[in-house]
There are 2 protein chains.
Amino acid sequence: MTGGLVIAGLGPGNDALITPEVRAALDQATDIVGYIPYVERIAPRPDLTLHPSDNRVEIDRARHALEMASDGRRVVIVSSGDPGVFAMASALFEAVEHGAPHWRDLDIAVLPGITAMLAASAACGAPLGHDFCAINLSDNLKPWALIEKRLRLAVEADFAMAFYNPRSKSRPEGFEKALRTLQDACNDARPMIFARNVTRPDQSLRILPLSEAAPDMADMRTVVLLGSSQTRIIPRGGAAPFVYTPRSVEG
Amino acid sequence: MTGGLVIAGLGPGNDALITPEVRAALDQATDIVGYIPYVERIAPRPDLTLHPSDNRVEIDRARHALEMASDGRRVVIVSSGDPGVFAMASALFEAVEHGAPHWRDLDIAVLPGITAMLAASAACGAPLGHDFCAINLSDNLKPWALIEKRLRLAVEADFAMAFYNPRSKSRPEGFEKALRTLQDACNDARPMIFARNVTRPDQSLRILPLSEAAPDMADMRTVVLLGSSQTRIIPRGGAAPFVYTPRSVEG
């Protein structure tokens, strides 16, 4: 019985962004647990059991993984991006805290991955190159008023911002409200970046002033970045501009 | 002449966290540019020229890299962590914006890496599992008043927080002031995490209530995390506790 549980980040989509550490954990696993499209990224092997599950069953998925690890299996929970950023690691520890006491003694490791906002930032330059914040725009698990409050305070702090889960079919109105709040609070042409399917062959990047951003530019496969008041655009003839936030702010 | 410039993230220290994408860029490079300890991580090869340089010469380093790429060299600027998070990517684009017009036409790519805060978060659980911000505590390039303002607003927004460059020999008093501000603004026992040399063999993790944190617990090899008001500790007999921030906030 040499079971254990690893929560591993697969990065945003391109397999060349999977770390060797994560690759080794996948190679040694007996069981892979995760949301269907993430488990689909794992090549089948005779000695490996895949356990894909649907969205919004994170706690059930975590418990199942903990039970298998308790039985001596080497389980890897796969997450997109980094498991610690709006992904499975929090759900796993929530299950541990409220679950069987012996789960706390399991060998549990979180292996970091490239999270979507950093891949999106790299794809267009360095818009998150100064102080920034990351906000999950889904109000499935928190009140909308808290999101609204954080947006206004983030503008006041002049953070660059990254927005995860901006818009889904079941809640199309949230991102529209968020955009209105941001457009109302920022009286400048700071750039907004819509990065869809970032690092995948069908990646698309859209860079435009916040004032011209529209709700239907985002979906659940999009991570959205917003510059601070200091963020710069470097135009290039015939190519997409570079976007970066300088390291310095004048005193 | 097939020159180009790549700004690559080497991750926080453990080579098993270098992505295959970055590894391929290093293998194809003719020249490696970067801060001395990062260039030291690259194995010498007969066909590779290493250009280590000292700290605080980021713009000179960027210009040198751009000149070599213009001359047809395949140049990789190496950064610790992720190049877009308080690292070389912003400096590079600053040099591009204010430099020779033809630099804008160069083939320039940023390759993301595992940034220290996400490695530190993974090492202790998932303290950044809900909305969070990242703040560089160095006031070399911005006024201290702005840092102070951001700390207070981040507490008001109830973000978890990650602090880079918390304390150096040349400015030992900054982190002391930051701690006082945070202790003054947070009336609870939320956990603070000092992660030093994260992912390296001599990694150390210190987890304690913010009220017990002291300035000399941090140095320039430390990334510091602070939970939000919601962050939880899961005690474990004989092992370090898990720390995580739940996905949900009650309405």
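Computed from a predicted model, the values in this text were never measured in an experiment.

(A) Just the overall build of chain A, in detail. Tallying secondary structure elements over chain A gives 7 helices and 13 strands in all. Its C-alpha atoms give chain A a radius of gyration of 20 Å, within 12% of the compact-globule value 18 Å for 251 residues. The dimensions of chain A, computed from C-alpha atoms along their principal axes, are 60 × 40 × 40 Å. For chain A, the residues scored as buried account for 59% of the 251 residues in total. Nonlocal contacts in chain A, meaning residues at least 24 apart in sequence, comprise 68% of its contacts between residues at least 6 apart. For chain A, the accessible surface area stands at approximately 9,700 Å², while carbon and sulfur atoms represent 49% of it. Positive and negative charge centroids in chain A, built from 26 and 30 side chains respectively, lie 4 Å apart.

(B) The arrangement of the relation of the copies chain A and chain B in detail. With an RMSD of 0.0 Å, the fit of chain A onto chain B corresponds to turning through 180° and sliding 0.0 Å along the axis. The symmetry that links the two subunits is that of a two-fold axis. Nearest to the rotation axis, the C-alpha of C133(A) is located 1.9 Å from it, this being the minimum over chain A. A share of 99% of the interface residues of chain A reappears at the interface of chain B, consistent with the copies meeting face to face through the same patch.

(C) Looking closely at the interface of chain A and chain B. Each partner contributes residues to the interface: chain A has 69 residues there, and chain B has 68 residues. Carbon and sulfur atoms supply 61% of the area that chain A and chain B bury against each other, a total of about 6,000 Å² over both sides. Summed over the three residues of chain A that lose the most area to chain B, namely L141(A), R150(A) and R247(A), the buried surface amounts to 12% of that side. Linking chain A with chain B are 10 salt bridges, by the criterion used here. Its salt-bridge partner being E58(A), residue R247(B) comes within 3.7 Å of it at the nearest N-O pair. On the surface where chain A and chain B come into contact, there are 28 residue pairs in polar contact (both at pLDDT 80 or more). Looking at the side of chain A that touches chain B element by element, the count peaks at 7 residues for helix α4 (residues 88-97) of chain A. The residue makeup of the side of chain A that touches chain B, split by class, is 39 nonpolar, 14 polar and 16 charged.

(D) Representation of the sheet that holds strand β13 (residues 239-244) of chain A in the model. The strand order across the open sheet formed by 3 strands is β6-β13-β12 (chain A), and the pairing between neighbours is mixed. Both outer strands of the open sheet, β6 (125-126) and β12 (232-236) of chain A, are each paired with one neighbouring strand and no more. Both β6(A) and β13(A) contribute to a ladder of 2 bridges, which runs parallel. Bridge pairing in β13(A) places A126(A) opposite Y244(A). Those strands touched by helix α4 (residues 88-98) of chain B are β6, β12 and β13 of chain A, and its axis lies near 120° from that of β13(A).

(E) Quick peek at the nonpolar core. If you look at the biggest cluster of nonpolar residues, it comprises 54 residues, and the most contacted ones within it are F163(A), M192(A), F163(B) and M192(B). Aside from chain neighbours lying at most four places away, what touches M192(A) is F163(A), L179(A), L182(A), R206(A), I207(A), L208(A), L210(A), A213(A), V224(A), L225(A) and L226(A). In terms of nonpolar packing, the next biggest core, distinct from the first, is built from 44 residues, Y164(A), I114(B), Y164(B) and V223(B) among them.

(F) Representation of the domain arrangement of chain A within the structure. Residues and elements named next belong to chain A. Each domain of chain A was delimited in the assignment, giving domain 1 (4-114) and domain 2 (117-244). Residue-level contacts link 9 residues of domain 1 with 10 residues of domain 2. Counting the surface domain 1 buries against domain 2, the share from its top three residues, P12, R56 and F86, is 60%. For the pair domain 1 and domain 2, the interface holds 0 salt bridges. Inspection of the region where domain 1 meets domain 2 yields 1 residue pair in polar contact (both at pLDDT 80 or more).

(G) Focus on the pattern of salt bridges. Residue and element names in this part refer to chain B. Using the criterion set out here, one finds 28 salt bridges over all chains in the structure. Measuring nitrogen to oxygen at the nearest pair gives 3.1 Å for the salt bridge that ties D47 to R45. By relative accessible area, which is 25% here, R45 ends up partly exposed. The partner of D219 in a salt bridge is R196, and the shortest N-O contact between them spans 2.8 Å. Separated by 23 residues along the polypeptide, D219 in the loop between β10 (204-209) and β11 (222-226) and R196 in strand β9 (residues 191-196) bring together distant segments of the chain. Accessibility expressed as a relative area gives 25% for D219, which makes it partly exposed.

(H) Broad picture of the UniProt feature "domain: Tetrapyrrole methylase" (unreviewed entry) in chain A. The feature "domain: Tetrapyrrole methylase" (unreviewed entry), as given by UniProt, occupies residues 5-213 of chain A in the numbering adopted here. Strand forms 23% of residues 5-213 of chain A and helix 34%; the C-alpha atoms that close the span are 42 Å apart.

The rules behind each value
- Residues numbered from 1 in each chain as written.
- Chains lettered and ligands numbered in written order.
- Predicted model: local features only at pLDDT ≥ 70, side-chain atom pairs only at ≥ 80, totals over all residues.
- Heavy atoms only, no water.
- Helix = DSSP H or I, 4+ residues; strand = E, 2+ residues; numbered from the N terminus.
- Rg over C-alpha atoms; globule rule 2.2 N^0.38 Å.
- Buried < 20%, exposed > 50% of the residue type's maximum accessible area, 1.4 Å probe, protein only.
- Contact = heavy atoms within 4.5 Å.
- Areas by Shrake-Rupley, 256 points an atom, 1.4 Å probe, with all protein chains shown as cover.
- Lys, Arg positive; Asp, Glu negative; His and termini not counted.
- Charge placed at Lys NZ, Arg CZ, Asp CG, Glu CD.
- Least-squares fit on C-alpha atoms with pLDDT ≥ 70 in both.
- Buried area = accessible area lost by both parts, 1.4 Å probe.
- Salt bridge = Lys/Arg side-chain N within 4 Å of Asp/Glu carboxyl O.
- Polar contact = N/O pair within 3.5 Å; in protein donor to acceptor, adjacent residues only side chain to side chain.
- Nonpolar A, V, L, I, M, F, W, Y, C, P; charged D, E, K, R; others polar.
- Pairing = 2+ DSSP bridges.
- Axes fitted to C-alpha atoms, helices over the stretch in contact; angles between N-to-C directions.
- Core = buried A, V, L, I, M, F, W, Y, C linked by side-chain atoms within 4.5 Å.
- Domains from an automatic or database assignment.
- UniProt positions renumbered as here; feature names shortened; annotations may be inferred.

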